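So the chains spell out like this:
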Amino acid sequence: PRHNCCTQPLDGITCLGIPPSEESSRMSDQKITPADIEAKLRNVQGQVDDVKDDSRKKLGLIGGGVAALIVLLIYVVGRNAGKKKSTVLEIRRL
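Residues numbered from 1 in each chain as written. Predicted model: local features only at pLDDT ≥ 70, side-chain atom pairs only at ≥ 80, totals over all residues. Heavy atoms only, no water.

1. A look at the overall build of the protein
Stage number 1. Across its full length, the protein carries two helices and zero strands.
Stage number 2. Taken across its 94 residues, the protein has 4% of its residues classed as buried.
Stage number 3. Counting every atom, the protein has about 8,800 Å² of accessible surface; 61% of that belongs to carbon and sulfur. (Helix = DSSP H or I, 4+ residues; strand = E, 2+ residues; numbered from the N terminus. Buried < 20%, exposed > 50% of the residue type's maximum accessible area, 1.4 Å probe, protein only. Areas by Shrake-Rupley, 256 points an atom, 1.4 Å probe, with all protein chains shown as cover.)

2. Thoughts on the pattern of salt bridges
Opposite charge on two side chains permits pairing when their charged atoms draw close.
Stage number 1. By the definition in use, this model includes two salt bridges.
Stage number 2. The salt bridge involving Arg42 is made with Glu38; its shortest N-O contact spans 2.6 Å. Of the two residues, Arg42 and Glu38 both sit in helix H2 (residues 34-83), four residues apart, roughly one turn of that helix.
Stage number 3. A relative accessible area of 40% places Glu38 in the partly exposed class.
Stage number 4. Here Arg92 makes a salt bridge to Glu90, at a shortest N to O gap of 3.2 Å. For the pair formed by Arg92 and Glu90, the shared burial category is exposed. (Salt bridge = Lys/Arg side-chain N within 4 Å of Asp/Glu carboxyl O.)

3. A word on a nonpolar patch on the surface
Stage number 1. On the surface, Ile62, Val66, Ile70 and Ile74 cluster together into a nonpolar patch covering about 390 Å² of accessible area.
Stage number 2. With respect to the helices, strands and loops of the structure, Val66 is situated in helix H2.
Stage number 3. Among the residues examined, Val66 registers a relative accessible area of 43% and is labelled partly exposed. (Patch = residues over 30% accessible without salt bridge, like charges linked within 9 Å, V, L, I, M, F, W, Y side chains within 5 Å.)

Just distances and angles here, no functional claims.
Next up, the structure:
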């Protein structure tokens, strides 16, 4: 069986955040008011803000790690460049 408002199977999955048993009685008894829509949109916006904050934290950590790796790589390459052996020219007096 499926919900009449979506294509998801009815296996305990809620549609619009309302358990399946309550949804059918609620839809037939009450009309959707602007306050209901506003409350649902605020709920969705809150969820989006939570995901955005979590993503910013992860991005900051990843960015810091990449910056540290770049600094480490530059250090190692510079150190190895300074250790390269150069040609030694020996001058002798005759």
